[in-house]
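# Survey of secondary and tertiary structure
So the chains spell out like this:
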Amino acid sequence: MRKSYRVKSEKDFQTVFEKGESMANRAFVLYTLPKEGQKHFRVGISVGKKVGHTAVARNRLKRYIRAVLTEIKPTIKPDLDFLVIARPYARDFNMEQTKKNLEHVMNLAHILTIKMTETEEK
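So, here's what we can say about the structure. Every value quoted in this text rests on a predicted model; they were computed, and no experiment measured them. (Residues numbered from 1 in each chain as written. Predicted model: local features only at pLDDT ≥ 70, side-chain atom pairs only at ≥ 80, totals over all residues. Heavy atoms only, no water.)

For the rest of this paragraph, the subject is the side chain of K99. Mapped onto the elements, K99 comes out in helix α3 (residues 95-108). Residue K99 is classed as buried on the basis of its relative accessible area of 17%. There is a polar contact of 2.4 Å between the side chain of K99 and the side chain of E71. In this view, K99 contacts V68 and E71; residues no more than four positions away in its chain are not counted. (Helix = DSSP H or I, 4+ residues; strand = E, 2+ residues; numbered from the N terminus. Buried < 20%, exposed > 50% of the residue type's maximum accessible area, 1.4 Å probe, protein only. Polar contact = N/O pair within 3.5 Å; in protein donor to acceptor, adjacent residues only side chain to side chain. Contact = heavy atoms within 4.5 Å.)

What follows is the structure, given as structure tokens:
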């Protein structure tokens, strides 16, 4: 995921967090904020110490999240900023579980232009 696809500054994070709408499942919380006229979406990823006490565990989950977002990039609406916040339930997820749960919460938040289902994945 290139830097232009990331919500980088603390100010931008706080804007999405305070003004955006939230949607959650057991593993992830998603905050979304529409941004008109944007070429592509921007995402911020947060994995706190409650999720994993070691940096290795937190970074692994962040890599999984970025990989899933890169894989489904064409189906994500371009005119929004969103934050993905991991919950402790996602601590021991592998790539497949991360993808399934992230797509689920993104469907709930209506971020995807095409609704992803398990039959489309197979």
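This is not the end of the story, as more comes after the structure.
We now examine the nonpolar core. Within the largest apolar cluster, 27 residues are counted, with the highest numbers of intra-cluster contacts made by F28, I65, L69, I76, F82, L102 and M106. Counting residues per element, the ones that place at least two in this core are β2 (28-34), β3 (42-46), α2 (55-71), β4 (80-86) and α3. Among the nonpolar cores identified, the runner-up in size contains seven residues, and V7, F13, V29 and L33 belong to it. (Core = buried A, V, L, I, M, F, W, Y, C linked by side-chain atoms within 4.5 Å.)

Attention now goes to the pairing of β3. Of all the five residues making up β3, four are buried; the element is thus mostly covered by neighbouring parts of the structure. Here β3 runs beside β4; their pairing, made up of five bridges, is parallel. Pairing of I45 across the sheet is with V84, part of β4. In the classification by handedness, the crossover that spans β3, the intervening α2 and the parallel β4 is left-handed. (Pairing = 2+ DSSP bridges. Right-handed = clockwise from strand over helix to strand, strands pointing away.)

As enumerated under the stated definition, the model contains four salt bridges in all. Among the ionic pairs, R42 bridges to D12, the shortest N-O distance being 3.4 Å. One end of the pair, R42, is in strand β3; the other, D12, is in helix α1 (residues 10-19), with 30 residues separating them in the sequence. The partner of D81 in a salt bridge is R42, with the nearest N and O atoms 2.8 Å apart. In this pair, D81 sits in strand β4 while R42 sits in strand β3, placing the two residues 39 residues apart along the sequence. For the pair shown, D81 and R42 are each scored as buried. (Salt bridge = Lys/Arg side-chain N within 4 Å of Asp/Glu carboxyl O.)

This part covers the packing of aromatic side chains. The full count for this structure, using the stated rule, is four aromatic pairs. Judged by centre distance (5.7 Å) and plane angle (35°), the ring pair of F41 and F82 falls under tilted. Of the two residues, F41 is situated in the loop between β2 and β3 and F82 in strand β4; the sequence distance between them amounts to 41 residues. The exposure classification of F41 matches that of F82, with both residues buried. Taking 5.7 Å as the distance between ring centres and 85° as the angle between the ring planes, the aromatic pair formed by Y89 and F93 counts as edge-to-face. The class for F93 is buried, based on a relative accessible area of 11%. Each member of the aromatic cluster is reached from another via a ring pair, and the members are Y5, F41 and F82. (Phe/Tyr/Trp six-rings, centres within 6.5 Å; stacked < 30°, edge-to-face > 60°.)

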